[in-house]
Amino acid sequence: MSEATSQISDDRRETLPDQGGADRPKARSVKPLALLWPYVRKHLTLVFVALFFLVVSTVAALSIPWLFGRAVDAGAGGANGAALLDTIDQYFLYVLLAAILMGILSALRFYFVSRFGERVAADLRTDLYAKLLSLGPRFHAGMRSGESVSRLTADVTLIEQFLGSSASLATRTILSTTGAIAMMLVTNWKLGGTLLLMIPLAMLPVMIIGRIIRGASNRAQSRLADAGAQASEALDAIELVQAYGQEQRREKSFAEAAEAVFQAALKRITARAFMILAVSIMLLGGMVGILWLGARAVATGQMTPGELTQMILYAFYAGSGFGMLAEVWGEVMRAAGASDRASEILRETPEILPPQTALPIASSVQGHLIFDAVDFSYGTDDAPALKGFSLDVQPGEFVALVGPSGAGKSTVFRLALRLFDPQSGHITVDGVEAPDTDPALWRSQFAYAPQESALFTGTARENIAFGAQGGTAPDAELIDAARMAEAWRFLEDRGGLDADLGQKGRSLSGGQRQRVALARALVRRAPILLLDEATSALDSESEGLVQKAIAAAAEGRTTLVIAHRLSTIRRADRIIVMEDGRIVEQGSHDALVKKGGLYARLAEMQFAAEAAE
Ligand SMILES: Nc1ncnc2c1ncn2[C@@H]1O[C@H](COP(=O)(O)OP(=O)(O)OP(=O)(O)O)[C@@H](O)[C@H]1O
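What you see is a predicted model, and the numbers here were worked out from it, not measured in a lab.

Draft legend 1. Examining unusual backbone geometry more closely. Its identity is not glycine, yet Asp430 carries a phi of approximately 50°, on the positive side. Turning to its location among the elements, Asp430 is positioned in the loop between β4 (424-429) and β5 (432-433). In this structure, Asp580 takes a positive phi of about 55° despite not being glycine. Note on placement: Asp580 falls in the loop between β9 (574-579) and β10 (582-587). Asp580 gets classed as partly exposed once you look at its relative accessible area, which sits at 47%.

Draft legend 2. Summary view of the domain arrangement of the protein. Along its sequence, the protein is carved into domain 1 (3-347) and domain 2 (457-525). Each of domain 1 and domain 2 was reduced to a C-alpha centroid, and the two centroids are 51 Å apart.

Draft legend 3. Up close: the site of the ligand. In the neighbourhood of the ligand, the contacting residues comprise Tyr378, Asp382, Ala385, Pro404, Ser405, Gly406, Ala407, Gly408, Lys409, Ser410, Thr411 and Arg414. A distance of 2.8 Å is found between an oxygen atom of the ligand and a backbone nitrogen or oxygen belonging to Gly406. In the model, an oxygen atom of the ligand is placed 2.4 Å from a nitrogen or oxygen of the Thr411 side chain. Protein contact buries 59% of the 640 Å² of open area that the ligand shows by itself. Taken together, the residues of the shell around the ligand sort by class into four nonpolar, five polar and three charged.

Draft legend 4. Structural view of the packing of aromatic side chains. Per the stated rule, a full pass over the model turns up 13 aromatic pairs. Both rings, one in Phe68 and one in Phe92, keep their centres 6.0 Å apart while their planes meet at 85°; by these two values the pair is edge-to-face. Here Phe92 lies in helix α4 (residues 81-134) and Phe68 lies in helix α3 (residues 44-75), a separation of 24 residues in the sequence. Plain terms: the ring middles of Trp442 and Phe446 are 5.9 Å apart, the flat faces sit at 40° to each other, and that makes the pair tilted. Take Trp442: its relative accessible area is 0%, and that puts it in the buried class. Phe446 gets classed as buried once you look at its relative accessible area, which sits at 2%. Members of the aromatic cluster, connected to one another through ring pairs, are Phe52, Phe53, Tyr111 and Phe112.

Each value, and the rule that gives it
- Residues numbered from 1 in each chain as written.
- Predicted model: local features only at pLDDT ≥ 70, side-chain atom pairs only at ≥ 80, totals over all residues.
- Heavy atoms only, no water.
- Helix = DSSP H or I, 4+ residues; strand = E, 2+ residues; numbered from the N terminus.
- Buried < 20%, exposed > 50% of the residue type's maximum accessible area, 1.4 Å probe, protein only.
- Domains from an automatic or database assignment.
- Near = heavy atom within 4 Å.
- Polar contact = N/O pair within 3.5 Å; in protein donor to acceptor, adjacent residues only side chain to side chain.
- Areas by Shrake-Rupley, 256 points an atom, 1.4 Å probe, with all protein chains shown as cover.
- Nonpolar A, V, L, I, M, F, W, Y, C, P; charged D, E, K, R; others polar.
- Phe/Tyr/Trp six-rings, centres within 6.5 Å; stacked < 30°, edge-to-face > 60°.

Shown next as structure tokens:
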């Protein structure tokens, strides 16, 4: 086959191991590719070097048929004996040199083009992830689960394949096809012209079948992705699946998906078989046709045998070039779709940004947290989650937030942490208003322990140090925090700070996870502690330990707890009872019980059993 095709298969092999993104939607135009320009511009030198080798290697490739033709003509040129052999040797030496040169240039081209693709992909991935991390929960809630990760991985892989392979392949194919066509016309315009008219005709069935194959491939890919998602969801919740005896149903639906993948693949295979048939017939038929027309032209003296040889070789270049362009086009459009999706994220601006001139928060912070007439709703169409919410938490005070589900307790925390900003009202720490300071500095005043004590896969050290300002702290501090949080004893048994907590901390019990999460909050040494107490029942020993840990954590800090346990609530200096986004009652446990309002009712229902123990 022609040089172009063998180079293509080399590049294809390079991209084969990573087929990520084959099921990602294509764009309708190539326009979104322009969005990659800032990344391309950063590496212009690399682009020019790659382009240089691309052009010269293509020219070298195009010279080979011509040299062949000359060699053949030299052989048929009437000279004889030693002179003929000399000429043949000479021409074949040229061909050999051109082939070696082409090999070297192609290798250099491949190196620089691929390096460029990988470079841009790495930059783009880093930027995308940084942007994703900077965007608030509102943005992430609006994204389908897994979609952000797909953009980070599958879409960037498509872009990488485009820049590191398809773009170069397309440019090279356009160059070599145009060159081959020009050379065909130069060699013999009559025969060249006839062949040129035939190429598109011959390509038509290939293109049609190619389209069918691509459609079938895409369907198979998306079926496979569906089946994969289904399988990973079930395997993730394997305990639930087995507990509910859902194995067979899950198996059946996966088997259906697997069958659908097979059916889609069968269509693709059938179309491909026809493609092989069509291509073989056309290739052989085309060759016979060229030879036939060529033989006649040589016989009538319109062409030399060398010119015929070179014509055949150029026709192969042009033919495979057309085929390749049709195939590469799909990849170009897919990459355009990928860059559209990637740039959609890059164009987003975080809701909460530092102000032009950020006010500092005094280093000797007291932890005086004030909510003043705060109104907030999550979306423009959503009912307000907080309505005229005012709360003044004194430095060192321990405040318990209680109220029915959906009352707005977690929302108070989210606003305190500036994950969202309120539509109206003010939130201040030690007199500094939230929007006047850098969000990172603002958040460094808070330590937060969520209800679902989310831990990361890794060691106790990594998980506790996650809370430290700057993300690292000496081991001694981590151990202190773990001790205070009543987590050290069980961690010590598992190897101390090096204890592997398993995937997302799953090798720990609920109560243990909570205490590690508390240790993580404690190591932060922040003046304000936000604690979302776990609702799940703990055995009385764990409960006692968690209570001790909370007491230690609250020591010397302003503490807000979304409280579900009577023991925590009793400890509170003040209980804030919320309902429907407002504070409806506040005071001490005894005073509120006496009042006989919402708190008294909640306490009766929720804490009766607990109090009885
Ligand atoms: N991300 C969100 N988008 C839209 N609405 C939300 C979002 N989070 C919470 N809400 C709504 O805001 C209101 C207050 O929710 P919030 O989570 O603050 O309640 P809560 O008192 O913490 O409840 P629970 O005790 O069940 O955790 C609810 O009506 C809830 O449906």
